Amino acid sequence: MAFREYTIGVRMFGLAFGTSMFITLYMPASDIRNVSVTETGLERQLSFGRVGGFSYEDPLLQGKAKPATVDITEDPKTGAPIEPTRAYVYASGVPFPNGIRHPMILGKKPMELSLGQGKISMADEAQGAVFVVRTEDVGGETVGYIENATATRGWVPEAAMKVATQETTHYIGKGKIMFVREGCWWCHTLLPEQTQDWQYFGAPPMLGDFNGESPTAFGSDRKAPDLTHVGSRNSSKEWMIMHFFNPRLVQPHSIMPRYDYLWGENDAAGNPIDFDGWRAEYDKYVANERVYPPEVPVPAKDSEAHALIDFVLNLK
Amino acid sequence: MFKYLFAKEEDIPAGSAAVFFGFSSILWFIVGTGLGSFNAAKLAFPDFVTGIEMLSFGHMRQVHVLAVILGWISMAFAMAMMYITPALGNTKLWSEKLGVWNCLIWNIGLALGLTLLWFGITSGREYSDMIWPIDLALIFGILLPLAVNVWMTIKTRRTQGIYTTNWFFGAATFMVLIVFSVGNSPEFFQLTGLTEAYLTWWFAHNVLGLWITPVAAAISYYIVPKVTGNPLYSHRIGHLHFWSVVVFYSTPAAHHLMSAPLPEWLKSFASVEGVLILVPAIAFVSNLLLTMSGKWKMFVENVEIKFTITGVLMAIPLNMQGGFQQTRAINWYIHGTGWIVAHAHLALLGFSTFLEAAAVYYGLQTLLRRKLYSLALANFHFWMLLVGFTTYWVSMTIAGLIQGAGKIYEVPYIDVVIAEHPYMIARWVGGTMVFLGNCVWLYNMWMTLRAGTLIPAGRLPHELAYER
Ligand code: HEM
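Parameters at a glance
Residues numbered from 1 in each chain as written. Chains lettered and ligands numbered in written order. Predicted model: local features only at pLDDT ≥ 70, side-chain atom pairs only at ≥ 80, totals over all residues. Heavy atoms only, no water. Near = heavy atom within 4 Å. Polar contact = N/O pair within 3.5 Å; in protein donor to acceptor, adjacent residues only side chain to side chain. Helix = DSSP H or I, 4+ residues; strand = E, 2+ residues; numbered from the N terminus. Nonpolar A, V, L, I, M, F, W, Y, C, P; charged D, E, K, R; others polar. Donors = N, O, S within 2.8 Å, 3.2 Å for Na, K, Ca; no water. Tetrahedral: all angles 85-135°; square planar, octahedral: opposite > 155°, others 65-115°. Buried < 20%, exposed > 50% of the residue type's maximum accessible area, 1.4 Å probe, protein only. Pairing = 2+ DSSP bridges. Contact = heavy atoms within 4.5 Å. Domains from an automatic or database assignment. Buried area = accessible area lost by both parts, 1.4 Å probe. Salt bridge = Lys/Arg side-chain N within 4 Å of Asp/Glu carboxyl O. 1 Å grid on protein atoms, 1.4 Å probe; cavity = no way out; pocket = protein on both sides within 12 Å on 5 of 7 lines; lining within 4 Å. Points joined across faces, edges and corners; volume = space filled by probe spheres on them.

### Notes on the site of the ligand
Taken together, 27 residues lie around the ligand, and Lys223 of chain A together with Arg61, His64, Glu126 and His345 of chain B are the ones closest in. Those chains with residues close to the ligand are chains A and B. The side chain of aspartate 221 of chain A places a nitrogen or oxygen atom 3.3 Å from an oxygen atom of the ligand. Within the side chain of histidine 345 of chain B, a nitrogen or oxygen atom sits 2.8 Å from a nitrogen atom of the ligand. Breaking the shell around the ligand down by element, the ones donating at least two residues are α1 (16-44), α2 (57-89), α14 (338-368) and α16 (413-451) of chain B. If you tally residues by element for the shell around the ligand, the top one is α2 of chain B, at 7 residues. Classifying every residue of the shell around the ligand by side-chain character gives 14 nonpolar, 8 polar and 5 charged.

So this is what it looks like as structure tokens:
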């Protein structure tokens, strides 16, 4: 930098670039930080778990160390009947979502309630915990917060899993991992646009719907329907099973890939799945040599397909 | 290459690192466009190679994108920096050895990162898909050594002033380090929600705006005056270009999320700044086109100028699209459609690729001191790229407009998918032409290395283009 001009130039550069970083990083980040989480935002992060992408617990993105979401009507501790409640069960060792690790990101009021009557600071990852979403009226405004039911009601993870049935247990967190890993978001968006998607794809999200969620997987190229509210458009598990196994069974013009490989080796009854045989029969069906397509196997409870369907049907 | 890794600095011939980078970049170009063509085939014919996890669209798309950005484009940049920076400083590369290591680690790191992505091991954020250990490797093992080499070469120059190209190289290598570090911070620090979504697009925007666009432009600031023999039309306009890139191009990140629930002030601000991107764009295009004055016949006769000026001309529609499509008035129609895919390829496959191809053509001939093996094959490559790209761009733009119409008139989605089908096929055909053209290019450059006519001292490669 022998030249005086360059000394000035470098300082100017620092100033210009620094100002631009201040405006585009500091200002938005501090603005977004003031947003309080909505109930949707709480439900999302509690059902997804800490991270939906690569993490220590789950380096190969197999859906390890994720919470289970259960719908219960019986108190796990006392066995007494209760109002239908959705509980998020974190078995011991499953990392808590970001809102519990760093309550600050929930925003002021939800944070105070979650820490106060929600007792979330008493939750311990090594022990595991059961969470529920509650609301409270604060000066005329309904504020959602997280309750650590392990501390407030003595619900322990094992007991909560016992009062839930197979039908009412959803592996949404694992399903989200599948959604990210399989790149569904390269075709589908999770973000109805504010300007025109209301009627077809449903209401666009609110500012506080995402606090604590990572990654949001909004998607940018839409080549397929938005999925934010797909569970309320289409709640048929049978349709989903056929559609994921081979989309062209239910929608001949679809360009969606087949996800039969998420079925794993055995079906729900424990019988091995004969993929080659299935494809050969399907080709006959396409060639008009069969009237009906071959039967689609039901995915096993611990299969990746099962979790993915849980995730999709719970997008409401 | 390996014999130079532990050789003494004096024993490594000048330009080795650039040559390695040049050939690596062509190889990655072939890999990247091959993957692109494969993906395009899947979008046209969904049952083409089906039911295999590793070969499904969702596993391959991001591999294509990052292979072309970090393999082809960025390695071609590294090549250009390693021969242009010293040439403009009338000196040698600061450390040829560091350059050779840089190239080796880059190839290994990128291959590893892409393999992991291919297995689906991703952070789940577009463009910053790589997981954080790979991000750190990219920052410290790849970008930082490159930057140090460029900065030190500029510092040890033997000219008094610094030419435009080198301002851009010096500043862009600095900015890309910041962009990579900040853009991947959601993963290091577990930032979540909208902050994360915003930072994802902050990264994506700034990688384009502060790395790809300025470095590509900087290359043409070298190639055009060098090959035509005309001095740069105006250094003042060069200043305008440089400073407006720093000020305007670094701010509109939020325009990628116009329909997301971000704070309104941020979207409006980004949108206004986005239109101001036209300032550097117009400065750049006019400066180079005016530099051509009196030498326009070279646009037809000379391969490097043909590539460069085609790229520069493509910057006109590119920036017209870019400047206006992000305003609210237009964005609601084309957001998230194939129009954007067409625009992305106009930027990277049109504008930027043509400029880098010129740099690689010119650099390899100069460094190897060998004349291009076949001018006819080079022209064939040019036309394959141009026709292939144009087919791609036109078909995806039409597909995007169909999607936009489908979106606002709330047509059942499957009808949009059916209507797009012919354009998906056209895109695949166009993209495959690009891929095939590149295979020819590799052959041509390899034969140049093996059998190109030696260039006598004191002559420039393009002067001999038509001599036997
Ligand atoms: C140097 C050349 C190329 C570069 C730099 C490049 C870059 C990119 C980028 C940045 C994207 C992401 C676009 C977005 O998110 O909007 C993309 C997507 C894509 N590219 Fe390329 N590309 C190149 C060549 C090709 C070729 C030759 C083909 C072959 C047809 C191709 C096919 C595709 C496809 C199918 C997608 C996915 C689009 C989608 O998801 O809708 N690309 N490419």
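Don't stop here, the text continues.
### Here's the deal with the coordination of the iron atom of the ligand
Residues and elements named next belong to chain B. Looking at the metal site, the iron atom of the ligand is ligated by His64 (NE2) and His345 (NE2), spaced 2.0 Å from it. Coordination at the iron atom of the ligand is octahedral, judged from the 6 donor atoms that bind it and the angles of 84 to 179° they form at the metal. Placement of the pair is histidine 64 in helix α2 and histidine 345 in helix α14, with a sequence separation of 281 residues. Histidine 345 shares its class with histidine 64; the two are buried.

### Structural notes on the sheet that holds strand β1 (residues 68-74) of chain A
Residues and elements named next belong to chain A. With antiparallel pairing, the 5 strands of this open sheet are ordered in space as β4-β3-β2-β1-β5. For this open sheet the edge positions go to β4 (141-148) and β5 (169-170), each flanked by a neighbour on one side alone. In terms of strand pairing, β1 meets strand β2 (residues 81-90) through 6 bridges, oriented antiparallel. Counted as the bridge partner of alanine 68 is valine 89 from β2.

### Observations concerning the environment of tryptophan 151 of chain B
Residue and element names in this part refer to chain B. Turning to its location among the elements, tryptophan 151 is positioned in helix α4 (residues 132-155). A relative accessible area of 30% places tryptophan 151 in the partly exposed class. Sequence spacing of tryptophan 151 and valine 312 is 161 residues, and the spatial spacing of their C-alpha atoms is 27 Å. The contacts of tryptophan 151, once residues within four sequence positions are left out, are Gly170, Thr173, Phe174 and Leu177. A polar side-chain atom of tryptophan 151 sits 3.1 Å from the main-chain carbonyl oxygen of glycine 170.

### What about the domain arrangement of chain A?
The parts lose accessible area when they come together, and the size of an interface is often stated as this lost area. Residues and elements named next belong to chain A. Annotation of chain A at the domain level lists domain 1 (39-172) and domain 2 (177-313). Distance from the C-alpha centre of domain 1 to the C-alpha centre of domain 2: 26 Å. The interface of domain 1 with domain 2 comprises 23 residues on the first partner and 17 residues on the second. Counting the surface lost from both domain 1 and domain 2, the interface buries some 1,700 Å², and carbon and sulfur atoms represent 54% of this. Considering only the side of domain 1, the residues that lose the most area to domain 2 are Arg44, Leu61 and Tyr171, jointly responsible for 32% of the buried surface there. Our count for the contact surface shared by domain 1 and domain 2 stands at 1 salt bridge. Of the charged contacts in the structure, one is a salt bridge between arginine 44 and glutamate 213, with a shortest N-O distance of 2.7 Å. The interface formed by domain 1 and domain 2 contains 7 residue pairs in polar contact (both at pLDDT 80 or more). Among the elements of the structure, α2 (39-48) and β5 are those that each provide at least two residues to the side of domain 1 that touches domain 2.

### Concerning empty space enclosed by the protein
Using a probe with the size of a water molecule, rolled over the atoms, empty space left in the structure can be pinpointed. Residue and element names in this part refer to chain B. Tallying each qualifying case throughout the model produces 7 cavities of 30 Å³ or more. Roughly 170 Å³ of internal volume is contained in the second largest cavity. In terms of lining residues, the second largest cavity is bounded by 19 residues, among which Ile69, Leu70, Phe180, Phe203 and Val207 are the most central. Of all elements in the fold, only α2, α4, α5 (164-183) and α7 (193-228) reach the threshold of two or more residues within the lining of the second largest cavity. Of the residues assigned to the lining of the second largest cavity, the class counts are 15 nonpolar, 3 polar and 1 charged.

### Focus on the interface of chain A and chain B
At the interface, 73 residues of chain A touch 82 residues of chain B. Inspection of the chain A/chain B interface yields 5 salt bridges. A salt bridge links lysine 407 of chain B to glutamate 193 of chain A; the nearest nitrogen and oxygen atoms lie 3.0 Å apart. Connecting chain A to chain B are 26 residue pairs in polar contact (both at pLDDT 80 or more). Of all the secondary-structure elements, those providing two or more residues to the side of chain A that touches chain B are α1 (4-33), α3 (98-101), α7 (172-181) and α8 (198-201) of chain A. Of the residues forming the side of chain A that touches chain B, the biggest block, 15 residues, is contributed by α1 of chain A. In terms of residue class, the side of chain A that touches chain B is made up of 40 nonpolar, 18 polar and 15 charged.

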